[in-house]
Structures are given as C-alpha cells and as structure tokens.
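Structure at a glance
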Amino acid sequence: MTAFDYLLPYDFSPITILSFGLVLALYGVALIRMPETERPGSGRIVTFVLGVLLCYGVMQTRFDYYSQYMFFVHRAQHLVLHHLGPILIALSNPLPILRFWSRRIPGPALPWLRPLGVAYRWLQHPVIAPVLFVGLIYFWLWPPIHFDAMLSRSLYWVMNWSMLLDGLLFWWLIFDPRSPTVTNALGHGKRILILALVAIPQMILGAMIVFSRSMVYDVYEVCGRAWPMAPETDQLFGGLLTWIPPAMMSIVGILIILRRAMQEDDRYNSLAARQQELPQ
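The text that follows walks through the structure, step by step, so that each part is easy to find. (Residues numbered from 1 in each chain as written. Predicted model: local features only at pLDDT ≥ 70, side-chain atom pairs only at ≥ 80, totals over all residues. Heavy atoms only, no water.)

**What about helix H6 (residues 95-102)?**
Where H6 is concerned, the buried positions are Leu95, Pro96, Ile97 and Phe100. Those residues of H6 hidden inside the fold are in contact with helix H2 (14-33), helix H3 (42-59) and helix H10 (153-175). (Buried < 20%, exposed > 50% of the residue type's maximum accessible area, 1.4 Å probe, protein only. Helix = DSSP H or I, 4+ residues; strand = E, 2+ residues; numbered from the N terminus. Contact = heavy atoms within 4.5 Å.)

Dropping the structure here:
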C-alpha cells in the first residue's frame, strides 16, 4: 500500500465526510468574511484545523481499519475522538466563529432552534456533563455492548460519533473562554474539580483492563487481529491507553485552568490598581 492508500477511507461514510467538510468550510468562510479585529490568530486557526483533522483521520482513513481489528488502536481512536481532538478544538476558542454564524440565523428559524438550546444547557450542567463523559466510556467498554458495537456497522458509527460529540461538549465546558466573573460560565474551581473527578474512574477502568487475568474483549479473537500480536499484549496496551493518557490530559487541563485563573486575577488587580490611581 502507498501512503495515499492509507489516507483513503476504509469504511466510506458520506455523512462523516460531509460533516467534517462542512465544518471546515463554515470556519473558512467565517474567517474570510469576519472583520480583521475579530478574526482569530494563526495559532488558534491551526489548533482548530489540527483538532478537526485528527478526528477525521481516526474515522475516515486506514486508521479506522486497524481500530476495528486491534483493541489498543481502538482505544487510541477514542482517545482522539473523546479527548485530544475536542481539547484542541475547544482551546482554539471558536466562539467568534460561532457568533459570526449565529448573527446570520434567520428570525423564523429561531423557534426551531430553542429545543437544541434547552438540550445544550442540560448537557452542559456541571453534574450531568462529567457523569455523561465518564459514563459513555464505561458504557461502550462494557464487554457485551462492546462486542455488539464492533460487529454492527451502524452501532459502531453511533459509538464513535457519540464519543466525539460528547467530547466536544465536555471540553468546551472546561475550556470555555468566557470569564466566570462577568458571565454565567462555570467557575475555575468547579472546572478543576470536574477534571480531577473524571480522571479517577478512567484510571480505575484502565487498571481493571490492565490487571485482568482473562480476556475481557474477545470480539477481537472472533474477527481476528490486523497484526500478529498476542491478545494479552493487545489488551495490556489498550488498558494503558485507557488509564494513563486521559489522566495526564486531566492534569494538563487543570494546569491550563490554573493559568487562566491567575491571568484573570492579574488583570483584575491591575484594573483595581489603575482605578485607585485615578483622581477622586
């Protein structure tokens, strides 16, 4: 196989390709039409595009083939869809792009969008969001469900899309660029607490897979593996990918939130000092 062959979809999905293409097209059009003062910097643009392309790559290239026939590659796929890709997209702060398109929604369409707004606010609740974030991981890795999902094409796509969409919602809640002091955004302390709490059950699940004395996911024995790797080794690597990288990402997220909180405190203190220097 050539390098180009690895970039071709293993399981061609028109909906997936159109969805990613539409996202990039809307982002590009907004960048062209936005005033230069509102346009994101080059670093944020690259971060957004990289996050989108990573998610596309694990869903619509040869990588998807290996994820269906190797457990540890499957865990790497979900690590990108549920963590790395959404983290990059959230950190790129696409809020100006969202505002650009929200101002162009026709008035008659607004009533039809209200149910989506209600669902979004419900999913972004600080209790529901982390429970759903961790719950989906446990749900799709529950052996009977995982067995069915890996053998059913439709269920397999539902699994991957649910992980991607939930990852986008969760990490947007965590890295929402709005200041909690002047908006209704979640406070920095609550974000840090959520990141610490979601790390624990992921570490437990990963450890359970690593230290299991039997094969937990025998679907890869039924379908066969893409590479001649021992089943125990495949499961070990998959458990480690479920255990360590998500915990590390929570730590990185906490550091980012702490840095933002410190910067916000510095700005507040500087503003207060300038106000005190003004003549009364």
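**Digging into the pattern of salt bridges**
Evaluation of the coordinates by the stated rule reveals five salt bridges. A salt bridge links Arg153 to Asp11; the shortest N-O distance between them is 2.9 Å. Remark: Asp11 occurs in the loop between helix H1 (3-7) and H2 and Arg153 occurs in helix H10; sequence separation between them is 142 residues. Between Arg178 and Asp176 there is a salt bridge, and its shortest N-O distance comes to 2.7 Å. Among the charged side chains, a network of salt bridges with common partners joins Glu221, Arg225 and Asp234. (Salt bridge = Lys/Arg side-chain N within 4 Å of Asp/Glu carboxyl O.)

**Points about the packing of H3 against helix H5 (residues 71-91)**
Contact geometry of H3 with H5 gives a least axis separation of 8 Å together with a crossing angle of 165°. The orientation of H3 relative to H5 falls into the category roughly antiparallel. Crossing of H3 against H5: the hand is left-handed. The residues of H5 that touch H3, namely those facing Thr47, Phe48, Leu50, Gly51, Val52, Leu54, Cys55, Val58 and Met59, are Gln77, Val80, Leu81, Leu84, Gly85, Pro86, Leu88 and Ile89. Classifying every residue of the contact of H3 with H5 gives 13 nonpolar, four polar and no charged. (Axes fitted to C-alpha atoms, helices over the stretch in contact; angles between N-to-C directions. Parallel < 35°, antiparallel > 145°, perpendicular 65-115°, else oblique. Left-handed = near helix turned anticlockwise from the far one by under 90°. Nonpolar A, V, L, I, M, F, W, Y, C, P; charged D, E, K, R; others polar.)

**Digging into unusual backbone geometry**
Positive phi, normally seen in glycine, also occurs at Asn93, with a value near 55°. Along the chain, Asn93 falls in the loop between H5 and H6. Classification of Asn93 as buried rests on a relative accessible area of 17%.

**Observations concerning H3**
Over its 18 residues, H3 extends 26 Å from the first C-alpha to the last, a length consistent with the 26 Å expected when each residue adds 1.5 Å. Considered for burial, the residues of H3 that qualify are Phe48, Gly51, Val52, Cys55, Gly57, Val58 and Met59. On its buried side, H3 packs onto H2, helix H4 (63-69), H5 and H10. (Expected span 1.5 Å × (residues − 1).)

**Some thoughts on the nonpolar core**
Of all hydrophobic cores here, the largest spans 20 residues; its most connected members are Phe170, Trp171, Ile174 and Phe175. For this core, the secondary structure elements donating two or more residues are H5, helix H8 (128-141), H10, helix H11 (188-210) and helix H13 (231-277). The element best represented in this core is H10, accounting for six residues. Leave out the neighbours within four places in its chain, and Phe170 touches Gln124, Ala129, Pro130, Phe133, Ile194, Leu195 and Val198. If you look at the next biggest cluster of nonpolar residues, it comprises 17 residues, including Phe20, Met34, Met59 and Ile97. (Core = buried A, V, L, I, M, F, W, Y, C linked by side-chain atoms within 4.5 Å.)

**Re a nonpolar patch on the surface**
On the surface, Leu193, Leu197, Ile200, Ile204 and Met208 cluster together into a nonpolar patch covering about 490 Å² of accessible area. By the secondary structure assignment, Leu197 is in helix H11. Of the residues examined, Leu197 reaches a relative accessible area of 48% and is grouped as partly exposed. (Patch = residues over 30% accessible without salt bridge, like charges linked within 9 Å, V, L, I, M, F, W, Y side chains within 5 Å. Areas by Shrake-Rupley, 256 points an atom, 1.4 Å probe, with all protein chains shown as cover.)

**Some thoughts on the packing of H2 against H6**
Two elements in contact, H2 and H6, have axes whose closest approach is 10 Å; the angle formed by their N-to-C orientations is 85°. Viewed along their axes, H2 and H6 adopt a mutual orientation that is roughly perpendicular. Across from Leu26, Tyr27, Val29, Ala30, Leu31 and Arg33 in H2, the residues of H6 making contact are Ile97, Phe100 and Trp101. In terms of residue class, the contact of H2 with H6 is made up of eight nonpolar, no polar and one charged.

**Here's the deal with the packing of aromatic side chains**
Overall, the coordinates contain 19 aromatic pairs when judged by the stated rule. The interplanar angle of 70° and the centroid separation of 5.1 Å between the aromatic rings of Tyr65 and Tyr66 together place this pair among those described as edge-to-face. Tyr66 matches Tyr65 in its accessibility class, with the two residues each being buried. Taken together, Tyr10, Tyr65, Tyr66, Tyr69, Phe72, Trp227 and Phe237 form an aromatic cluster joined through their ring pairs. The ring of Tyr65 carries the charged tip of Arg62 above its face, separated from the ring centre by 4.3 Å. One residue, Arg104, lies across the ring of Phe100, its end atom 3.7 Å from the ring centre. (Phe/Tyr/Trp six-rings, centres within 6.5 Å; stacked < 30°, edge-to-face > 60°. Lys NZ or Arg CZ within 6 Å of the ring centre and 35° of its normal.)

Such coordinate-based values are descriptive only and should not be taken to indicate function.
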